Amino acid sequence: MGQKKWLILLVFMCLFTFSCARELRVKRHHSPQVYNHTLATILVEYASAVYMSDLTELFTWTCSRCDGLTKGFEIIELVVDVQHCLQGFLGVAKDLNAIVIAFRGTQEHSIQNWIEDLFWKQLDINYPGMSDAMVHHGFYSAYHNTTIRPAIINAVERAKDFYGDLNIMVTGHSMGGAMAAFCGLDLTVNLGIQNVQVMTFGQPRIGNAAFASYYTQLVPNTFRVTNDHDIVPHLPPYYSYFPQKTYHHFPREVWLYHIGLGSLIYEVEKICDGSGEDPSCSRSVTGNSVSDHLVYFGVRMGCNEWTPCRIVMDPRVAEYGKTDLKGNFILSRPPAASILKLRTDSDAAGNHF
Ligand SMILES: *[C@@H]1O[C@H](CO)[C@@H](O)[C@H](O)[C@H]1NC(C)=O
Ligand SMILES: *[C@@H]1O[C@H](CO)[C@@H](O)[C@H](O)[C@H]1NC(C)=O
């Protein structure tokens, strides 16, 4: 009995060592960019926090998801595009010595409806300035044709003026991951910023092979984390028999999956090949899980409930904000400005009631 257990353990240790060794070799062979697991577990918390709808708690970084590995984050800009139900923030993470930008996509309908729609997304516009590069109009314009982009660009410039040349890390989950990719590309191409990293979680495909190839040359420091049977990275579909006409992921995928039996289960992180469509990563399994889409590294993604887009805000943070004619909303403050006063005030107010 005991002997058998040891044998199983030994087999798994061998498997584990083997897969690690193989990943290391692939990494050195194809890519100068090294995947950093610790960084992934930090950025996933930012991608989770951006779903919070209480803007006061988000702006003062006191929300229930604003704890843990993101403690001490200083938000400079928080933008809510009410029209399109999008949200993003930018701030400085001193411990990472970086500007962190995170996006949240639409939550207007149930996640099931949103996922069903993904099957039918066409490659319907040309990415400007890149011949043959096609992307999906809806993903593209969520970042490029809403209040999100001008707010983020403005905040990047303010943060860089104040802090100098920090690294920029862009992240997002699901549709927010698609926006993160467009943002990373935009900062590189249109603002000429060199040190941009992108890390997305459960991101759908956003463009064709030509787009993927431009993208990876321009933003090589990109990792696209996928989780087990998460359905979203499988969408919109990749048709291997129409390689030129189909959606195509950019590299580099990092696939999280589980091996084991009974109580001996390991989470394995597989660094995939440089093609973007490594057949031995998430494509080796059926994408049939919504629940795998909603938890990454044990962190809950998505909203607590799929409510219509709404803004929850304390009037006290309103002085930091401005609203446009369509009701879109930007909260903004100078880098390194203290918001301690605001927190004390609301705590005091809370005690009164
Ligand atoms: C990985 O990222 C963490 C957090 O930014 C950092 O402290 C650590 O040095 C990085 N590791 C490597 C090998 O770059
Ligand atoms: C941007 O949005 C406006 C209004 O929603 C629309 O009329 C215009 O066609 C869009 N432009 C692009 C390039 O998507």
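Residues numbered from 1 in each chain as written. Chains lettered and ligands numbered in written order. Predicted model: local features only at pLDDT ≥ 70, side-chain atom pairs only at ≥ 80, totals over all residues.

**Some thoughts on the sheet that holds strand 10 (residues 264–271)**
Then, number 1: In spatial order, the strands read 10-9-8-7-6-3-2-1-14-13; together these ten strands make up an open sheet with mixed pairing. Strand pairing shows two members of the sheet lacking a second neighbour, strand 10 and strand 13 (321–323), which therefore form its edges. For this sheet, the mean inter-axis angle between neighbouring strands, taken without regard to orientation, is 15 degrees.
Then, number 2: With seven bridges joining them, strand 1 (residues 74–81) and strand 2 (residues 86–93) adopt antiparallel strand pairing. Residue Asp-81 lies in a different strand from strand 2, and its bridge partner there is Leu-86. (Pairing = 2+ DSSP bridges. Helix = DSSP H or I, 4+ residues; strand = E, 2+ residues; numbered from the N terminus. Axes fitted to C-alpha atoms, helices over the stretch in contact; angles between N-to-C directions.)

**Brief notes about the environment of Met-179**
Then, number 1: Position of Met-179 among the secondary structure elements: in helix 7 (residues 175–190).
Then, number 2: Sequence-wise, Met-179 and Ser-141 are 38 residues apart; in three dimensions their C-alpha atoms are separated by 8.9 Å.
Then, number 3: Excluding residues that lie within four positions of it along the chain, Met-179 makes contacts with Phe-103, Gly-105, Ala-142, Tyr-143 and Gly-172. (Contact = placed C-beta atoms within 7 Å.)

**A short note on the confidence of the model for the protein chain**
Detailed reading of the predicted coordinates is not advisable wherever pLDDT is low.
Then, number 1: When pLDDT is averaged along the protein chain, the result is 85, and 84% of the positions lie at 70 or above.
Then, number 2: Within the model, the stretch residues 10–31 combines pLDDT values under 50 with 16 contacts to residues more than four positions away or in other chains.
Then, number 3: Confidence over residues 344–353 falls short of pLDDT 50; this stretch has three contacts with residues more than four positions distant or in other chains. (pLDDT = per-residue confidence, 0-100.)

**Re unusual backbone geometry**
Then, number 1: Of the consecutive residues Leu-235 and Pro-236, the connecting peptide bond is found in the cis state with omega at -20 degrees.
Then, number 2: Relative to the helices and strands, Pro-236 resides in the loop between strand 8 (222–227) and strand 9 (253–261).
Then, number 3: Positioned with a positive phi, Trp-61 is a non-glycine residue whose angle comes to about 50 degrees.
Then, number 4: Summarising the element assignment, Trp-61 is placed in the loop between helix 3 (55–59) and strand 1.
Then, number 5: C-beta crowding within 10 Å serves as the criterion here: with 19 such atoms nearby, Trp-61 is assigned to the partly exposed category.
Then, number 6: Phi is positive for Cys-85, close to 60 degrees, though the residue is something other than glycine.
Then, number 7: Note that Cys-85 resides in the loop between strand 1 and strand 2.
Then, number 8: Residue classification places Cys-85 among the partly exposed residues on the basis of 18 C-beta atoms within 10 Å. (Buried ≥ 20, exposed ≤ 12 C-beta atoms within 10 Å, placed from the backbone.)

**Description of the nonpolar core**
Then, number 1: Among the nonpolar cores identified, the biggest contains 81 residues, and Leu-90, Ile-101, Val-135, Ile-152, Met-179, Phe-182 and Cys-183 are the most heavily contacted of them.
Then, number 2: Among all residues touching Val-135, those that are not within four sequence positions of it are Leu-123, Ile-125, Tyr-127, Tyr-140, Ile-206, Gly-207 and Phe-211. (Core = buried A, V, L, I, M, F, W, Y, C linked by C-beta atoms within 7 Å.)

**Some thoughts on the site of ligand 1**
Then, number 1: Contacts to ligand 1 come from Asn-36, Thr-38, Leu-39 and Leu-96.
Then, number 2: Here the residues of the shell around ligand 1 are counted per class, giving two nonpolar, two polar and no charged. (Near = placed C-beta within 6 Å. Nonpolar A, V, L, I, M, F, W, Y, C, P; charged D, E, K, R; others polar.)

**So, the pairing of strand 8**
Then, number 1: Of all six residues in strand 8, six are buried, a share of seventy percent or more.
Then, number 2: Side-chain alternation along strand 8 places Thr-222, Arg-224 and Thr-226 on one buried face and Phe-223, Val-225 and Asn-227 on a second face that is also buried.
Then, number 3: With four bridges connecting them, strand 7 (residues 196–201) and strand 8 associate as parallel partners. Within the sheet, the bridge partner assigned to Val-198 lies in strand 8 and is Thr-222.
Then, number 4: In terms of handedness, the path from strand 7 via helix 8 (residues 209–218) over to strand 8 forms a crossover that is right-handed. (Right-handed = clockwise from strand over helix to strand, strands pointing away.)

**Some points on the environment of Gly-207**
Then, number 1: You can see Gly-207 is positioned in the loop between strand 7 and helix 8.
Then, number 2: Note: C-alpha distance between Gly-207 and Val-135 (72 residues apart in sequence) is 4.0 Å.
Then, number 3: Filtering out sequence-adjacent residues up to four positions away, Gly-207 remains in contact with Leu-123, Tyr-127, Ala-133, Met-134, Val-135, Ala-212 and Tyr-247.

**Considering the packing of helix 5 (residues 137–144) against helix 7**
Then, number 1: Contact pair helix 5 / helix 7: the axes reach a minimum separation of 9 Å and the direction vectors enclose 65 degrees. By the angle between their axes, helix 5 is roughly perpendicular relative to helix 7. Both helix 5 and helix 7 take part in a crossing whose hand is right-handed. Within the contact between the two elements, helix 5 uses Phe-139, Tyr-140, Ala-142, Tyr-143 and His-144 and helix 7 uses Met-175, Ala-178, Met-179, Phe-182 and Cys-183.
Then, number 2: Looking at side-chain class alone, the contact of helix 5 with helix 7 contains nine nonpolar, one polar and no charged residues. (Parallel < 35°, antiparallel > 145°, perpendicular 65-115°, else oblique. Left-handed = near helix turned anticlockwise from the far one by under 90°.)

**Structural notes on the environment of Ala-159**
Then, number 1: Among the secondary structure elements, Ala-159 is positioned in helix 6 (residues 148–163).
Then, number 2: By C-beta crowding, Ala-159 is classed as buried, having 22 other C-beta atoms within 10 Å.
Then, number 3: Between the C-alpha atom of Ala-159 and that of Pro-335, which follows or precedes it by 176 residues, the distance is 6.3 Å.
Then, number 4: In this view, Ala-159 contacts Ile-76, Leu-90, Val-92, Ile-99 and Pro-335; residues no more than four positions away in its chain are not counted.

**Points about the pairing of strand 14 (residues 329–332)**
Then, number 1: Inspection of the sheet shows strand 1 paired to strand 14 by four bridges, in the antiparallel sense. Following the sheet pairing, Glu-77 is matched in strand 14 by Ser-332.
Then, number 2: As defined by bridge partners, strand 13 adjoins strand 14 across three bridges and the pair is classed as antiparallel. Residue pairing across strands places Gly-321 opposite Leu-331, the latter belonging to strand 14.
Then, number 3: In sequence, strand 13 turns back onto strand 14 through a hairpin of five residues, with Gly-327 there showing a positive phi of about 90 degrees.

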